[in-house]
Amino acid sequence: MIGRRSFGKALGVGAGAAAAGLAGPWSVPAAAAHATAPAPGAHRAFARTKQIRAGVLDVGYAELGPAHGPVVICLHGWPYDIHSYVDVAPLLAGQGYRVIVPYLRGHGTTRFLSARTFRNAQQSAIAMDVIALMDALKTERAVLAGFDWGSRTADIVAALRPERCKALVSVSGYLVTNLEANLKPLAPKAELAWWYQYYFSTERGRLALEDKTLRHDLTRLVWDTVSPTWDFDDATFERTAAAFDNPDYAAIVVHNYRWRLSLADGERRYDGPEKRLAARPTISVPTVTLDAERDPFTAPGGGASYRDRFTGPYEHRTLPGIGHNVPQEAPAAFARAVMDADHL
């Protein structure tokens, strides 16, 4: 059985410190978060990836841990890839979890099975990819954990298909997109952080994503901007940037951001799920939400703006000094949140 005492040892902290840090709402000093994390570059890459047909995709994914362990599915965001979890996955696998880290559609080795399939990146389509992957892996229930696009995707599965979600870890809380609300302007400072969303609404932005050099520099700029305290090296970025060479990358990214602004249509087959999501359904599964202090997209109020969306067992944690890519910047804190959500 996976216990907090053994998990604390795996993270390099004593059982007493682990227990103290796990009691109630949790705030981790920046120094402590980095002190318990694996050393930078401790895991340079996943040993290998696998492929499996799931729904409309041939999904590329990394897998660590025992084949019959409790399943955790870790979902990346944009502009990232599976390597956001390169240090999280070994921590969880070492505690007996079967960790699945898929490339989202349009990323890495994930490919559409048909050239005729619409390159759709609306939120419910990506969420249904996760259900299809679970079906292909013969996994009835899993802990879902994510950030950015991954948080939104995990939130949607937890809200619409709670029987498939054992527990949830969601960076930035409740990220389900409401198209009507998205038409309303934000405060100028908040709009500034979303500059690329508007850039991708233009033909210039689409062309930039299709140009390998411009795409490289654009995504690197986003990394630097949204993770201002993360001291990553060039090799770390280049390892992830390789996933952006997917032939459908530009189409998926552009559609995702244009759809959010009601500038691109989705598919009629997702009208039902989208109608349910527009009503902001609550999430009843056990949940840990994480807010990163240095992430420009973190909402003020310490999670208060989305607390009412979570009706089951719940904890909220703040990570001082951490930016947008939480699992890669604070892998030990993220891994612990996964384990704690599983035991709420």
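See above for the structure.
Here, residues in each chain are numbered from 1, in the same order as that chain's written sequence. Totals for whole chains, interfaces and linings use all residues, but because this is a predicted model, local features are given only for residues with pLDDT of at least 70 and pairs of side-chain atoms are given and counted only at 80 or more. To obtain the side-chain values, all non-hydrogen atoms of the structure were used and water was disregarded.

Caption draft 1: Region of the structure containing the side chain of Ser-84. Runs of H or I in DSSP of at least four residues are treated as helices and runs of E of at least two as strands, each being numbered from the N terminus. Examined against the element boundaries, Ser-84 turns out to sit in the loop between β4 (71–75) and α4 (88–93). Type-normalised accessible area, obtained with a 1.4 Å probe on protein chains alone, sets the label of each residue: buried when under 20%, exposed when over 50%, and partly exposed for intermediate values. With a relative accessible area of 1%, Ser-84 lands in the buried category.

Caption draft 2: Molecular detail of unusual backbone geometry. Between Trp-78 and Pro-79 the backbone carries a cis peptide bond, its omega angle lying at 0°. Relative to the elements of secondary structure, Pro-79 occurs in the loop between β4 and α4. Of note, the phi angle at Lys-138 is positive, near 55°, even though the residue is not glycine. Within the element layout of this structure, Lys-138 appears in the loop between α5 (123–136) and β7 (142–146). The exposure class of Lys-138 is exposed, given its relative accessible area of 74%. In this structure, Ser-172 takes a positive phi of about 75° despite not being glycine. For Ser-172, the location among the structural elements is in the loop between β8 (165–171) and α7 (188–193).

Caption draft 3: Summary view of the packing of aromatic side chains. The aromatic pairing rule takes the rings of Phe, Tyr and Trp, using the six-membered ring of Trp, and pairs them if the centres are within 6.5 Å, calling planes under 30 degrees apart stacked, those over 60 edge-to-face and the rest tilted. Throughout the structure, instances matching the rule amount to 24 aromatic pairs. Here the aromatic rings of Trp-195 and Tyr-196 are separated by 5.7 Å at their centres, their planes lie at 85°, and the arrangement is edge-to-face. For Tyr-196, a relative accessible area of 2% gives the class buried. Here the aromatic rings of Phe-310 and Tyr-314 are separated by 5.3 Å at their centres, their planes lie at 25°, and the arrangement is stacked. Among the aromatic side chains, those forming a connected cluster through ring pairs are Trp-78, Trp-149, Trp-194, Trp-195, Tyr-196, Tyr-199, Phe-200, Tyr-257 and Phe-297.

Caption draft 4: Representation of the environment of Ile-73. Structurally, Ile-73 can be placed in strand β4. Ile-73 gets classed as buried once you look at its relative accessible area, which sits at 1%. Taking the C-alpha atoms as reference, Ile-73 lies 8.5 Å from Arg-98; in sequence the two are 25 residues apart. Those residues within four positions of Ile-73 in sequence are excluded, and the remaining contacts are Ile-100, Pro-102, Met-134, Ala-142, Val-143, Leu-144 and Ala-145. The contact criterion used throughout is that any non-hydrogen atoms of two residues lie within 4.5 Å.

Caption draft 5: Looking closely at the packing of helix α10 (residues 212–226) against helix α11 (residues 234–241). Contact geometry of α10 with α11 gives a least axis separation of 11 Å together with a crossing angle of 125°. The orientation of α10 with respect to α11, classified from their angle, is oblique. Our pair here, α10 against α11, has a crossing hand that is right-handed. Each of His-216, Thr-219, Arg-220 and Trp-223 in α10 lies in contact with α11, whose residues at this interface are Asp-234, Thr-236, Phe-237, Glu-238, Thr-240 and Ala-241. The residue classification treats Ala, Val, Leu, Ile, Met, Phe, Trp, Tyr, Cys and Pro as nonpolar and Asp, Glu, Lys and Arg as charged. All others, Gly included, are polar. When grouped by side-chain class, the residues that make up the contact of α10 with α11 number 3 nonpolar, 4 polar and 3 charged. Lines are fitted to the C-alpha atoms to define the axes, a helix being fitted only along its stretch in contact, and any angle between axes, read from their N-to-C directions, falls within 0 to 180 degrees. Each angle is binned into one of four classes, with values under 35 degrees roughly parallel, values over 145 roughly antiparallel, values of 65 to 115 roughly perpendicular, and all other values oblique. By the definition used in this description, the sense in which the near helix is turned from the far one sets the handedness, with an anticlockwise turn below a right angle giving left-handed and a clockwise turn giving right-handed.

Caption draft 6: Summary view of the environment of Lys-189. Topologically, Lys-189 is positioned in helix α7. Given a relative accessible area of 73%, Lys-189 falls into the exposed group.

Caption draft 7: Local environment of α10. Expected helix span is given by 1.5 Å per residue-to-residue step, counting one fewer step than there are residues. The terminal C-alpha atoms of α10, which comprises 15 residues, lie 21 Å apart, in line with the 21 Å expected from a rise of 1.5 Å per residue. Of all the positions in α10, only Arg-215, Leu-218, Thr-219, Val-222, Trp-223 and Val-226 are classed as buried. Axial view of α10: buried residues confined to an arc of 140°, hence all on one face. Structurally, α10 contributes buried residues whose contacts are with α8 (195–199), α9 (203–210), α11 and α12 (249–260). Counted as a polar contact is a pair of N or O atoms within 3.5 Å, where, for protein atoms, one must be capable of donating a hydrogen and the other of accepting one, and residues adjacent in sequence contribute only when both atoms are in side chains. At the N-terminal boundary of α10, the capping side chain belongs to Asp-211, with an oxygen 3.0 Å from the backbone nitrogen of Thr-213. Here the arc refers to the directions that run from the helix axis out to each C-beta atom.

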